[in-house]
Amino acid sequence: IIGGGLTGCPLAGLLATRGIQCLIVEERDPGTVRNKIDPRTLAITRASANVLHAARAWKYLPQDRIGFFRKMQVWDENGDGDIEFDSAELCEDTLGYIIEQRVLELAAEQGNGELPEIKRLQPAIPEGLKVEGGTASLGLEHGTYLTARLIVGADGGRSRIRALAGIACPAHAYNQQAVACVVETELAHDGIARQRFLTEGPLAFLPMHNPNTSGIVWSTSPRHTEELLAMDEAEFNQALAGAFADRLGAVVRSGPRAAFTLQHAHAERYCLPRLALIGDAAHTVHPLAGQGANLGLLDAAALAEIIIAA
(Lines give C-alpha, C1' and ligand atoms only; values in the text may rest on other atoms or scores of the structure.)
Protein backbone atom coordinates (compact mmCIF):
# COMPACT_ATOMS: atom_id res chain seq x y z
CA ILE A 1 0.00 0.00 0.00
CA ILE A 2 1.68 3.18 -1.19
CA GLY A 3 0.69 5.98 1.18
CA GLY A 4 0.26 5.73 4.93
CA GLY A 5 -2.40 8.37 5.42
CA LEU A 6 -6.11 8.38 6.08
CA THR A 7 -6.87 6.01 3.18
CA GLY A 8 -3.91 3.66 3.19
CA CYS A 9 -3.82 2.92 6.93
CA PRO A 10 -7.51 1.97 7.23
CA LEU A 11 -7.19 -0.30 4.17
CA ALA A 12 -4.26 -2.08 5.83
CA GLY A 13 -6.25 -2.35 9.07
CA LEU A 14 -9.28 -3.86 7.34
CA LEU A 15 -7.14 -6.44 5.53
CA ALA A 16 -4.88 -7.30 8.46
CA THR A 17 -7.84 -8.16 10.70
CA ARG A 18 -8.50 -10.97 8.20
CA GLY A 19 -4.88 -12.17 8.29
CA ILE A 20 -3.73 -10.53 5.04
CA GLN A 21 -0.10 -9.36 5.12
CA CYS A 22 0.33 -5.67 4.24
CA LEU A 23 3.34 -3.42 3.78
CA ILE A 24 2.75 0.35 3.89
CA VAL A 25 5.28 2.39 1.93
CA GLU A 26 5.20 6.04 3.01
CA GLU A 27 7.25 8.78 1.37
CA ARG A 28 7.06 11.33 4.21
CA ASP A 29 9.53 11.27 7.08
CA PRO A 30 7.62 10.36 10.28
CA GLY A 31 9.20 13.14 12.35
CA THR A 32 8.26 15.80 9.79
CA VAL A 33 4.66 14.57 9.61
CA ARG A 34 4.13 14.43 13.39
CA ASN A 35 5.52 17.91 14.01
CA LYS A 36 3.60 19.58 11.19
CA ILE A 37 0.74 21.89 12.15
CA ASP A 38 -2.29 20.96 10.06
CA PRO A 39 -5.36 23.17 10.62
CA ARG A 40 -7.67 21.04 8.47
CA THR A 41 -10.76 19.51 10.04
CA LEU A 42 -12.77 16.79 8.34
CA ALA A 43 -16.45 15.91 8.40
CA ILE A 44 -16.70 12.14 8.92
CA THR A 45 -19.97 10.40 8.10
CA ARG A 46 -21.46 7.62 10.19
CA ALA A 47 -20.55 5.13 7.44
CA SER A 48 -16.92 6.28 7.52
CA ALA A 49 -16.92 6.00 11.32
CA ASN A 50 -17.97 2.35 10.90
CA VAL A 51 -14.98 1.81 8.57
CA LEU A 52 -12.62 3.36 11.13
CA HIS A 53 -14.10 1.16 13.88
CA ALA A 54 -13.52 -1.96 11.75
CA ALA A 55 -9.95 -0.85 10.96
CA ARG A 56 -9.16 -0.59 14.72
CA ALA A 57 -8.62 3.19 14.42
CA TRP A 58 -11.66 4.76 16.10
CA LYS A 59 -10.80 3.60 19.62
CA TYR A 60 -7.52 5.54 19.46
CA LEU A 61 -9.26 8.87 18.87
CA PRO A 62 -9.08 11.08 22.00
CA GLN A 63 -12.65 11.71 23.14
CA ASP A 64 -11.89 15.41 23.67
CA ARG A 65 -11.00 15.77 19.96
CA ILE A 66 -14.20 14.32 18.49
CA GLY A 67 -16.82 16.89 17.56
CA PHE A 68 -20.21 15.98 16.12
CA PHE A 69 -22.94 17.65 14.13
CA ARG A 70 -26.62 16.86 14.46
CA LYS A 71 -27.78 19.52 11.98
CA MET A 72 -26.53 21.23 8.83
CA GLN A 73 -27.58 24.73 7.77
CA VAL A 74 -26.69 26.11 4.33
CA TRP A 75 -27.65 29.56 3.06
CA ASP A 76 -26.79 32.04 0.32
CA GLU A 77 -25.24 35.50 0.59
CA ASN A 78 -26.93 36.74 -2.58
CA GLY A 79 -30.48 35.57 -2.02
CA ASP A 80 -32.89 34.00 0.43
CA GLY A 81 -32.08 30.38 -0.48
CA ASP A 82 -31.42 28.11 2.49
CA ILE A 83 -31.65 24.44 3.42
CA GLU A 84 -31.38 22.47 6.66
CA PHE A 85 -30.74 18.82 7.49
CA ASP A 86 -31.52 17.32 10.90
CA SER A 87 -30.41 13.95 12.27
CA ALA A 88 -33.73 13.68 14.11
CA GLU A 89 -35.43 13.13 10.75
CA LEU A 90 -33.34 9.94 10.45
CA CYS A 91 -34.01 8.95 14.08
CA GLU A 92 -30.26 9.30 14.72
CA ASP A 93 -28.43 11.36 17.30
CA THR A 94 -25.82 12.70 14.84
CA LEU A 95 -25.28 13.21 11.12
CA GLY A 96 -21.53 12.80 11.52
CA TYR A 97 -18.36 13.87 13.29
CA ILE A 98 -15.81 16.69 12.98
CA ILE A 99 -12.21 15.64 13.65
CA GLU A 100 -8.83 17.16 12.82
CA GLN A 101 -7.13 15.40 9.93
CA ARG A 102 -3.87 14.77 11.77
CA VAL A 103 -5.72 13.35 14.80
CA LEU A 104 -7.48 10.90 12.47
CA GLU A 105 -4.24 9.91 10.76
CA LEU A 106 -2.47 9.27 14.08
CA ALA A 107 -5.38 7.11 15.28
CA ALA A 108 -5.24 5.08 12.06
CA GLU A 109 -1.48 4.57 12.54
CA GLN A 110 -2.05 3.44 16.14
CA GLY A 111 -4.71 0.99 14.99
CA ASN A 112 -2.19 -0.47 12.52
CA GLY A 113 0.33 -0.81 15.33
CA GLU A 114 -1.68 -3.49 17.11
CA LEU A 115 -1.80 -5.72 14.02
CA PRO A 116 1.39 -7.77 13.40
CA GLU A 117 0.34 -8.40 9.78
CA ILE A 118 1.14 -4.75 8.98
CA LYS A 119 4.69 -3.54 8.38
CA ARG A 120 5.68 0.03 7.55
CA LEU A 121 8.56 1.29 5.43
CA GLN A 122 9.14 5.03 5.93
CA PRO A 123 10.51 7.19 4.41
CA ALA A 124 10.66 5.40 1.07
CA ILE A 125 10.14 6.79 -2.44
CA PRO A 126 8.78 4.60 -5.28
CA GLU A 127 10.74 4.98 -8.51
CA GLY A 128 9.69 2.03 -10.66
CA LEU A 129 6.76 -0.31 -11.25
CA LYS A 130 6.68 -3.62 -13.12
CA VAL A 131 4.03 -6.33 -13.42
CA GLU A 132 4.94 -9.85 -14.56
CA GLY A 133 2.35 -12.61 -14.38
CA GLY A 134 0.87 -12.77 -10.91
CA THR A 135 3.49 -10.51 -9.30
CA ALA A 136 3.92 -6.76 -9.10
CA SER A 137 7.34 -5.28 -8.36
CA LEU A 138 7.93 -1.87 -6.85
CA GLY A 139 11.33 -0.25 -7.24
CA LEU A 140 12.44 2.15 -4.51
CA GLU A 141 15.28 4.65 -4.52
CA HIS A 142 18.73 3.18 -3.88
CA GLY A 143 17.87 0.08 -5.93
CA THR A 144 15.58 -1.77 -3.49
CA TYR A 145 12.78 -3.88 -5.04
CA LEU A 146 9.62 -5.11 -3.31
CA THR A 147 7.24 -7.73 -4.71
CA ALA A 148 3.57 -8.35 -3.91
CA ARG A 149 0.37 -9.81 -5.33
CA LEU A 150 -1.19 -6.34 -5.38
CA ILE A 151 0.02 -2.75 -5.20
CA VAL A 152 -2.45 -0.10 -4.03
CA GLY A 153 -1.91 3.58 -4.74
CA ALA A 154 -3.21 5.53 -1.74
CA ASP A 155 -0.67 8.32 -2.13
CA GLY A 156 -2.88 11.32 -2.73
CA GLY A 157 -3.74 13.68 -5.54
CA ARG A 158 -0.15 13.81 -6.83
CA SER A 159 0.08 10.02 -6.82
CA ARG A 160 3.52 8.76 -7.79
CA ILE A 161 2.15 5.24 -8.33
CA ARG A 162 -0.54 6.51 -10.70
CA ALA A 163 2.14 8.28 -12.75
CA LEU A 164 4.44 5.22 -12.76
CA ALA A 165 1.52 3.10 -13.99
CA GLY A 166 0.89 5.55 -16.84
CA ILE A 167 -2.69 6.26 -15.78
CA ALA A 168 -3.87 9.67 -16.96
CA CYS A 169 -5.72 11.88 -14.49
CA PRO A 170 -7.29 14.91 -16.18
CA ALA A 171 -7.63 17.83 -13.77
CA HIS A 172 -9.84 20.91 -13.73
CA ALA A 173 -8.68 23.95 -11.76
CA TYR A 174 -11.42 25.78 -9.88
CA ASN A 175 -9.29 28.94 -9.63
CA GLN A 176 -9.95 28.78 -5.90
CA GLN A 177 -7.99 28.10 -2.76
CA ALA A 178 -9.26 26.96 0.63
CA VAL A 179 -8.15 28.81 3.75
CA ALA A 180 -8.35 26.56 6.81
CA CYS A 181 -7.91 27.20 10.52
CA VAL A 182 -9.50 26.56 13.91
CA VAL A 183 -11.41 29.42 15.56
CA GLU A 184 -13.20 30.23 18.79
CA THR A 185 -16.49 32.14 18.52
CA GLU A 186 -18.52 34.28 20.89
CA LEU A 187 -21.60 32.03 20.54
CA ALA A 188 -21.74 28.23 20.88
CA HIS A 189 -22.15 26.22 17.68
CA ASP A 190 -24.78 23.88 19.24
CA GLY A 191 -23.56 20.94 17.19
CA ILE A 192 -24.64 22.53 13.90
CA ALA A 193 -22.45 22.51 10.77
CA ARG A 194 -23.01 25.74 8.89
CA GLN A 195 -22.06 26.82 5.37
CA ARG A 196 -22.69 30.16 3.67
CA PHE A 197 -22.32 30.48 -0.09
CA LEU A 198 -20.48 33.73 -0.80
CA THR A 199 -19.89 35.33 -4.19
CA GLU A 200 -16.33 33.94 -4.46
CA GLY A 201 -16.98 30.57 -2.80
CA PRO A 202 -18.47 28.76 0.21
CA LEU A 203 -17.46 29.39 3.84
CA ALA A 204 -18.01 26.52 6.29
CA PHE A 205 -17.90 26.43 10.10
CA LEU A 206 -17.53 22.84 11.35
CA PRO A 207 -18.40 22.27 15.04
CA MET A 208 -15.57 20.74 17.07
CA HIS A 209 -15.65 19.16 20.55
CA ASN A 210 -15.43 22.45 22.44
CA PRO A 211 -18.86 24.16 22.21
CA ASN A 212 -17.33 27.44 21.00
CA THR A 213 -14.63 26.01 18.71
CA SER A 214 -15.05 25.39 14.98
CA GLY A 215 -12.87 24.37 12.10
CA ILE A 216 -13.32 26.72 9.17
CA VAL A 217 -12.85 26.10 5.46
CA TRP A 218 -13.13 29.27 3.36
CA SER A 219 -13.01 28.62 -0.38
CA THR A 220 -12.25 31.78 -2.28
CA SER A 221 -10.21 33.33 -5.08
CA PRO A 222 -6.38 33.21 -5.02
CA ARG A 223 -6.29 37.02 -4.71
CA HIS A 224 -8.59 37.02 -1.70
CA THR A 225 -6.65 34.09 -0.20
CA GLU A 226 -3.46 36.16 -0.27
CA GLU A 227 -5.28 38.99 1.50
CA LEU A 228 -6.65 36.67 4.19
CA LEU A 229 -3.26 35.10 4.87
CA ALA A 230 -1.60 38.53 5.11
CA MET A 231 -4.02 39.84 7.75
CA ASP A 232 -3.12 39.91 11.42
CA GLU A 233 -5.34 37.87 13.72
CA ALA A 234 -7.66 40.73 14.70
CA GLU A 235 -8.23 41.74 11.05
CA PHE A 236 -8.83 38.15 10.00
CA ASN A 237 -11.26 37.49 12.85
CA GLN A 238 -13.30 40.55 11.94
CA ALA A 239 -13.35 39.67 8.23
CA LEU A 240 -14.37 36.10 9.02
CA ALA A 241 -17.23 37.05 11.34
CA GLY A 242 -18.54 39.56 8.79
CA ALA A 243 -18.39 37.04 5.93
CA PHE A 244 -20.39 34.64 8.09
CA ALA A 245 -23.03 37.31 8.80
CA ASP A 246 -22.10 37.17 12.51
CA ARG A 247 -24.08 33.92 12.76
CA LEU A 248 -21.89 32.82 15.69
CA GLY A 249 -21.16 36.32 16.98
CA ALA A 250 -17.61 37.66 17.08
CA VAL A 251 -14.63 35.44 16.27
CA VAL A 252 -12.72 35.67 19.55
CA ARG A 253 -9.49 34.00 18.42
CA SER A 254 -8.12 32.02 15.51
CA GLY A 255 -5.26 29.59 15.10
CA PRO A 256 -2.60 29.29 12.38
CA ARG A 257 -3.97 29.60 8.85
CA ALA A 258 -3.04 27.49 5.84
CA ALA A 259 -4.18 27.57 2.21
CA PHE A 260 -4.75 24.70 -0.20
CA THR A 261 -5.27 24.91 -3.97
CA LEU A 262 -8.57 23.35 -5.08
CA GLN A 263 -9.12 21.27 -8.17
CA HIS A 264 -11.20 18.40 -9.51
CA ALA A 265 -9.31 15.40 -10.88
CA HIS A 266 -10.43 11.93 -11.94
CA ALA A 267 -8.15 9.05 -12.94
CA GLU A 268 -9.12 7.48 -16.27
CA ARG A 269 -8.77 4.04 -14.67
CA TYR A 270 -8.93 2.88 -11.05
CA CYS A 271 -7.41 -0.55 -11.75
CA LEU A 272 -4.82 -2.33 -13.88
CA PRO A 273 -3.55 -5.91 -13.44
CA ARG A 274 -2.07 -6.16 -9.91
CA LEU A 275 -2.73 -2.45 -9.26
CA ALA A 276 -5.56 -0.39 -7.73
CA LEU A 277 -5.99 3.30 -6.89
CA ILE A 278 -8.03 4.59 -3.96
CA GLY A 279 -8.76 7.95 -2.37
CA ASP A 280 -7.34 11.13 -3.86
CA ALA A 281 -5.05 9.04 -6.09
CA ALA A 282 -8.24 8.03 -7.93
CA HIS A 283 -10.40 11.14 -7.54
CA THR A 284 -10.07 14.61 -6.06
CA VAL A 285 -13.17 16.69 -5.29
CA HIS A 286 -14.01 20.18 -4.05
CA PRO A 287 -14.29 20.33 -0.24
CA LEU A 288 -17.66 22.14 -0.16
CA ALA A 289 -19.59 18.96 0.73
CA GLY A 290 -16.83 17.53 2.94
CA GLN A 291 -16.78 14.25 1.02
CA GLY A 292 -13.12 13.76 0.02
CA ALA A 293 -12.04 11.78 3.08
CA ASN A 294 -15.31 9.85 3.14
CA LEU A 295 -14.94 8.78 -0.50
CA GLY A 296 -11.42 7.54 0.29
CA LEU A 297 -12.53 5.55 3.34
CA LEU A 298 -15.35 3.91 1.38
CA ASP A 299 -12.85 3.12 -1.41
CA ALA A 300 -10.73 1.34 1.22
CA ALA A 301 -13.77 -0.59 2.48
CA ALA A 302 -14.89 -1.59 -1.03
CA LEU A 303 -11.40 -2.76 -2.06
CA ALA A 304 -10.98 -4.67 1.22
CA GLU A 305 -14.28 -6.49 0.60
CA ILE A 306 -13.12 -7.53 -2.89
CA ILE A 307 -9.70 -8.74 -1.70
CA ILE A 308 -11.12 -10.65 1.28
CA ALA A 309 -13.79 -12.26 -0.91
CA ALA A 310 -11.09 -13.37 -3.38
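It should be emphasised that the depicted structure is a prediction, and the values quoted were computed from it without experimental measurement. (Residues numbered from 1 in each chain as written. Predicted model: local features only at pLDDT ≥ 70, side-chain atom pairs only at ≥ 80, totals over all residues. Heavy atoms only, no water.)

Q: For the layout of surface pockets, give the residues involved together with the corresponding values.
A: Taken as a whole, the second largest pocket encloses approximately 500 Å³ of empty space. Around the second largest pocket sit 19 residues that line it, and Gln21, Ala148, Arg149, Leu150 and Ile151 are the ones nearest its centre. Secondary-structure elements contributing two or more residues to the lining of the second largest pocket are strand 1 (22–25), strand 10 (145–148) and strand 11 (151–153). Considered class by class, the residues forming the lining of the second largest pocket number 15 nonpolar, 2 polar and 2 charged. (1 Å grid on protein atoms, 1.4 Å probe; cavity = no way out; pocket = protein on both sides within 12 Å on 5 of 7 lines; lining within 4 Å. Points joined across faces, edges and corners; volume = space filled by probe spheres on them. Helix = DSSP H or I, 4+ residues; strand = E, 2+ residues; numbered from the N terminus. Nonpolar A, V, L, I, M, F, W, Y, C, P; charged D, E, K, R; others polar.)

Q: Before we move on, could you go through the nonpolar core and cite the residues and values that matter?
A: In this structure, Ile1, Leu11, Ile44, Trp58, Leu61, Ile99 and Leu104 are the most contacted members of the largest nonpolar core, which totals 38 residues. Residue assignment for this core shows that the elements contributing at least two residues are helix 1 (8–16), strand 1, strand 2 (41–45), helix 3 (46–54), strand 6 (96–100), helix 4 (101–113) and helix 8 (292–309). With sequence-adjacent residues up to four places away left out, Leu104 is seen in contact with Leu6, Leu42, Ile44, Leu52, Leu61 and Ile99. One finds Leu198, Leu228, Phe236 and Ala241 within the second-largest nonpolar core, a separate group that totals 17 residues. (Core = buried A, V, L, I, M, F, W, Y, C linked by side-chain atoms within 4.5 Å. Buried < 20%, exposed > 50% of the residue type's maximum accessible area, 1.4 Å probe, protein only. Contact = heavy atoms within 4.5 Å.)

Q: Before we move on, can you summarise the side chain of Glu26 with the specific residues and values?
A: In this structure, Glu26 sits in the loop between strand 1 and helix 2 (30–35). Polar contacts involving the side chain of Glu26 include one to the main-chain amide nitrogen of Arg28, which spans 2.9 Å. Apart from the residues lying within four places of it in its own chain, the contact partners of Glu26 are Gly3, Gly4, Gly5, Arg120, Leu121, Gln122, Pro123 and Ala124. (Polar contact = N/O pair within 3.5 Å; in protein donor to acceptor, adjacent residues only side chain to side chain.)

Q: Which residues make up the side chain of Glu105, and what values do they have?
A: Looking at the element boundaries, Glu105 is found in helix 4. Look at Glu105 and you get buried, because its relative accessible area is 7%. In this structure the side chain of Glu105 is engaged in a polar contact, spanning 2.8 Å, whose partner is the side chain of Arg102. When sequence neighbours within four positions are dropped, the list of residues in contact with Glu105 reads Gly5, Leu6 and Arg28.

Q: Explain the packing of helix 1 against helix 8 residue by residue, including any values.
A: For the pair helix 1 and helix 8, interaxial distance at closest approach is 9 Å and the crossing angle is 30°. Here helix 1 is positioned roughly parallel relative to helix 8, judged by the angle of their axes. In this structure, the crossing between helix 1 and helix 8 has a hand that is right-handed. On the side of helix 1, the interface is formed by Pro10, Leu11, Leu14 and Leu15, while helix 8 contributes Leu297, Ala300, Ala301, Leu303, Ala304, Ile307 and Ile308. Here the contact of helix 1 with helix 8 is built from residues that sort into 11 nonpolar, no polar and no charged. (Axes fitted to C-alpha atoms, helices over the stretch in contact; angles between N-to-C directions. Parallel < 35°, antiparallel > 145°, perpendicular 65-115°, else oblique. Left-handed = near helix turned anticlockwise from the far one by under 90°.)

Q: Got a sec to walk through the sheet that holds strand 18 (residues 271–272)? Specific residues and values, please.
A: Strand order in the open sheet formed by 3 strands is 11-19-18, with mixed pairing between adjacent strands. At either margin of the open sheet sits one strand with a lone partner, and together these are strand 11 and strand 18. In this structure, strand 11 lies alongside strand 19 (residues 275–277), joined through 3 bridges in parallel fashion. Following the sheet pairing, Ile151 is matched in strand 19 by Leu275. (Pairing = 2+ DSSP bridges.)

Q: I'd like a rundown of the pairing of strand 12 (residues 171–185), residues and numbers included.
A: Pairing geometry for strand 12 and strand 17 (residues 258–266), over 8 bridges, is antiparallel. Within the sheet, the bridge partner assigned to Val179 lies in strand 17 and is Ala259. Relative to strand 15 (residues 213–220), strand 12 is paired through 8 bridges, and the arrangement is antiparallel. Bridging across to strand 15, Ala178 finds its partner in Ser219. Note that strand 12 and strand 16 (residues 251–254) share 3 bridges and pair antiparallel. Note on strand 16: the bridge partner recorded for Glu184 is Arg253.

Geometric descriptors of this kind do not, in isolation, establish any biological role.
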